[in-house]
Amino acid sequence: MAERPQIAILGAGIFVKTQYIPRLTEISDLFVLKAIWSRTEESARNAVEVARKHFPGVDCKWGDRGLEEIIQDPAILGVAVVLAAQTQVDFSLKLLKAGKHVIQATIEAETALSRYKSFCANSPGHPIWAVAENYRFEPAFAECKKLMPSIGDMMNVQVIVEGSMNSANPYFSSSWRRDFTGGFILDMGVHFIAGLRMLVGCEVVSVSALTSHVDVTLPPPDNISANFQLDNGCSGVFTMVVSSRSPKASGQIYWRVVGLKGTLQIERGNQDGQHGYLVSFYGADGNCKSFFYGFSGVTEELKTFVHDISGVALKKGSGYETEPRSSFVEAARDVAVLEAMLISGTKNGALVQRED
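Summary of the structure given here. What you see is a predicted model; the values in this text were computed from it and never measured. Numbers given for residues are sequential positions, taken from 1 along each chain in its written order. In keeping with the model being predicted, local features are shown solely for residues with a pLDDT of at least 70 and side-chain atom pairs are shown and tallied solely at 80 or more, while totals for entire chains, interfaces and linings include all residues. Water and hydrogen atoms were dropped before computing side-chain values, which therefore reflect all heavy atoms in the structure.

A run of H or I in DSSP counts as a helix once it spans at least four residues, and a run of E counts as a strand once it spans at least two, with each numbered from the N terminus. Counting secondary structure elements, the protein chain contains 10 helices and 15 strands. Relative to its full complement of 356 residues, the protein chain shows a buried share of 53%. Note on contacts: a residue pair is in contact if any heavy atoms of the two residues lie within 4.5 Å. In the protein chain, the share of contacts with a sequence separation of at least 24, taken over all contacts with a separation of at least 6, comes to 66%. Per-residue accessibility takes into account occlusion by the displayed protein chains alone, with areas from the Shrake-Rupley method and a 1.4 Å probe. Total accessible area on the protein chain is roughly 16400 Å²; 51% of this is exposed by carbon and sulfur atoms. For every residue, the accessible area (1.4 Å probe, protein chains only) is compared with the maximum for its type, and the residue is labelled buried under 20%, exposed over 50%, or partly exposed between those bounds.

One requirement defines pairing of two strands: DSSP has to find at least two bridges between them. Taken together, the six strands give an open sheet; going across it, the order is β3-β2-β1-β4-β5-β6, and neighbouring strands pair in parallel fashion. With one partner strand each, in any of the chains shown, β3 (59-62) and β6 (129-131) form the two edges of the open sheet. Taking each pair of neighbouring strands and ignoring which way they run, the sheet shows an average axis angle of 20°. Here strand β1 (residues 6-10) runs beside strand β4 (residues 76-81); their pairing, made up of five bridges, is parallel. Bridge pairing links isoleucine 7 to glycine 78 in β4. Lines are fitted to the C-alpha atoms to define the axes, a helix being fitted only along its stretch in contact, and any angle between axes, read from their N-to-C directions, falls within 0 to 180 degrees. On top of the sheet, helix α9 (residues 297-315) reaches β1, β4, β5 (101-104) and β6; it is set at about 170° to β5, its chief contact.

Attention shifts here to the pairing of β5. With burial as the criterion, each face of β5 is covered, one bearing His101 and Ile103 and the other bearing Val102 and Gln104. Sheet analysis places β4 next to β5, joined by four bridges and oriented parallel. The partner of glycine 78 across the bridge, within β5, is histidine 101. When β5 meets β6, the two strands line up parallel, connected through three bridges. From the neighbouring strand, isoleucine 103 faces β6, where its bridge partner is alanine 130.

See below:
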């Protein structure tokens with residue numbers, strides 16, 4: 001059996017403690033968690049205390065010295081960068097340049113990809129740069145993509161998001177999200193766009209959007225209504241309210257594709273206490289078939305990242321094909337769609353072409 005790859009985590013915030021560590025625990029037989037790093041000793045130790053219940057050998061790292069120790073450690077092959085969006089790219093590029101494989105939680109950079117390509121140009125086994133757009137790894141979207149041919153030619157697409165980002169949400173007071181261009185619309189919305197692109201299997205080419213700022217407890221904008229056109233000629237709508245008083249605790253969220261022969265809908269919800277996605281498939285015969293898939297995207301994308309870095313190590317970077325769903329390019333295209341919508345919103349709904 002091949003030796004398990006060693007990985008590290010940069011970041012010790014809410015998402016690391018409530019999502020990454022528990023999800024990594026589910027696949028702990030695939031890797032060794034070597035270290036958790038944070039800017040401050042206190043936050044690093046808090047996260048390590050949570051992790052040591054399942055990863056007793058994990059090291060605690062903090063500050064510049066701790067970061068350099070991770071960079072210089074040849075045993076650490078992969079790093080999960082779970083930091084504020086404004087700083088993630090700089091940290092990721094520093095790690096990538098040192099030869100580490102990276103998976104990061106969000107993306108915000110226009111020139112990041114060209115910088116990445118510049119120092120990988122002469123390296124046949126360049127390090128993996130993955131972005132955690134976990135909706136692509138949710139079984140509901142993977143299975144629905146297989147059903148898409150059954151609904152025939154697409155006629156209309158609807159993505160409706162009524163979020164629940166209020167003071168009861170642990171991310172509500174997150175300072176970096178409030179200093180983030182696009183606010184919660186971009187931070188949250190990029191995942192819904194990832195789900196859209198995964199489902200329809202084609203690209204958004206143009207958008208026209210209106211934005212507004214109603215809830216002053218949230219950064220602007222907090223509402224967006226957009227029309228978009230896909231490269232297959234089909235049109236659709238994307239509507240997002242960051243914080244609504246939806247009767248559902250997590251808000252009303254669904255993707256709906258209407259086709260010539262049927263309709264497919266994915267809706268966030270829960271079944272028997274398990275949170276996930278309810279899939280409804282309406283066929284040409286008028287009957288509805290329903291399926292439920294629990295959330296498992298974070299686990300699946302982390303499992304894929306570990307599998308890929310192991311594969312690259314075994315083949316020494318030559319000829320190994322990594323999973324395209326987590327690629328930096330896919331994430332950049334998600335962001336480009338939302339950025340086009342936000343630009344259109346500042347121009348009173350003017351038509352904006354998505355830039356690749």
